[in-house]
Amino acid sequence: MRIATILGSPRKKGNTNRVLGWIEEAVQRQGHQVNRINLVDHKINGCKGCFTCKKFTEKPGCPQNDDAVELLNGLISSDLILYASPIYFWGPTAQMKTFVDRHCSLVTGFGTPQWRSLVTGRRIGLVVTCEDGVGDNTELLDETFRRLAGYLGCDHAGTLVAPFMTSPDAIGGHVKEQAVAFAGKLTETGQPPAE
């Protein structure tokens, strides 16, 4: 299985990176391929709402000259897409939100019989870290990605929330155990690992 992981945190060595890293290690031990995308390393402009991309059904047709189209093509060639973001004001980071907005170019004809998605049938998952607890904190982000899965025609494989994250060094072993278990859940498809 080809897995694209997307780190949306502006801190490449923060809490979200630590939890995502445990998941990546676990799926690699299972024999799956992982391609990590650190969004902070890429130039990704905001969506302009021009809808030029809607003229293209076989590729992301965004006319902007940045890194987003290359990254979206990487998602198209993946079997599983795992998004990871800390909570920033009840939502994803600005880096993740900007990239998700550009997913518009993966779908044409939404809500019509001509609907087409370039990632139909992929599995997507979400990793969320937060300094506070889960209640009244993470449910909006979880719902956003469930709806994204529906828009893209993907299967929502699950969400892992790691609350009370204060620093990477303070993350307890129970979170690592949850991350490893979540990795197993993400890859339960009956498909053999990628060669």
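Residues numbered from 1 in each chain as written. Predicted model: local features only at pLDDT ≥ 70, side-chain atom pairs only at ≥ 80, totals over all residues. Heavy atoms only, no water.

(A) How the structure looks around the environment of P113. The residue P113 is located in the loop between strand 4 (107-108) and strand 5 (116-117) in this model. Separated by 29 residues in sequence, P113 and D142 place their C-alpha atoms 27 Å apart. (Helix = DSSP H or I, 4+ residues; strand = E, 2+ residues; numbered from the N terminus.)

(B) Inspection of helix 5 (residues 173-186) at higher detail. If you check helix 5, its first and last C-alpha atoms are 20 Å apart, about what 14 residues at 1.5 Å a residue would give, namely 20 Å. Packing partners of the buried residues in helix 5 comprise helix 1 (15-29), strand 3 (80-86), strand 6 (123-129) and strand 7 (155-162). (Expected span 1.5 Å × (residues − 1). Contact = heavy atoms within 4.5 Å.)

(C) Quick peek at the packing of aromatic side chains. Counted under the stated rule, the structure contains 3 aromatic pairs. A ring pair is formed by Y83 and F145, whose centres lie 5.0 Å apart and whose planes are at 55°; its orientation type is tilted. Here Y83 is found in strand 3, whereas its partner F145 is found in helix 4 (residues 139-152), with 62 residues between them in sequence. The class for Y83 is buried, based on a relative accessible area of 0%. (Phe/Tyr/Trp six-rings, centres within 6.5 Å; stacked < 30°, edge-to-face > 60°. Buried < 20%, exposed > 50% of the residue type's maximum accessible area, 1.4 Å probe, protein only.)

(D) Local environment of empty space enclosed by the protein. Enumeration over the complete set of coordinates arrives at 1 cavity of 30 Å³ or more. Here the largest cavity defines a volume of roughly 130 Å³. As for the largest cavity, its lining consists of C47, K48, G49, C50, F51, C53, C62, P63, Q64, R102, C104 and S105. Residue composition of the lining of the largest cavity, by class: 7 nonpolar, 3 polar and 2 charged. (1 Å grid on protein atoms, 1.4 Å probe; cavity = no way out; pocket = protein on both sides within 12 Å on 5 of 7 lines; lining within 4 Å. Points joined across faces, edges and corners; volume = space filled by probe spheres on them. Nonpolar A, V, L, I, M, F, W, Y, C, P; charged D, E, K, R; others polar.)

(E) The arrangement of the packing of helix 1 against helix 5 in detail. Running from amino to carboxyl end, helix 1 crosses helix 5 at an angle of 50°, the nearest separation of the two axes being 8 Å. Taken together, the axes of helix 1 and helix 5 lie oblique to each other. Where helix 1 crosses over helix 5, the handedness of that crossing is right-handed. Between helix 1 and helix 5, the contacting residues are V19, W22, I23, A26, V27 and R29 on the first element and V175, K176, A179, V180, F182, A183 and L186 on the second. (Axes fitted to C-alpha atoms, helices over the stretch in contact; angles between N-to-C directions. Parallel < 35°, antiparallel > 145°, perpendicular 65-115°, else oblique. Left-handed = near helix turned anticlockwise from the far one by under 90°.)

(F) Expanded view of the layout of surface pockets. In this structure, the largest pocket spans a volume of roughly 310 Å³. For the largest pocket, the lining is made up of 17 residues, of which P86, I87, T129, C130 and E131 are closest to its centre. Grouping the constituent residues of the lining of the largest pocket by class yields 7 nonpolar, 7 polar and 3 charged.

(G) Quick peek at the side chain of D66. Within the secondary structure, D66 is located in the loop between strand 2 (33-38) and helix 2 (68-76). Among the polar contacts listed, one links the side chain of D66 to the side chain of R102, at a separation of 2.6 Å. Excluding its chain neighbours within four sequence positions, the residues that come into contact with D66 are K43, I44, N45 and R102. (Polar contact = N/O pair within 3.5 Å; in protein donor to acceptor, adjacent residues only side chain to side chain.)

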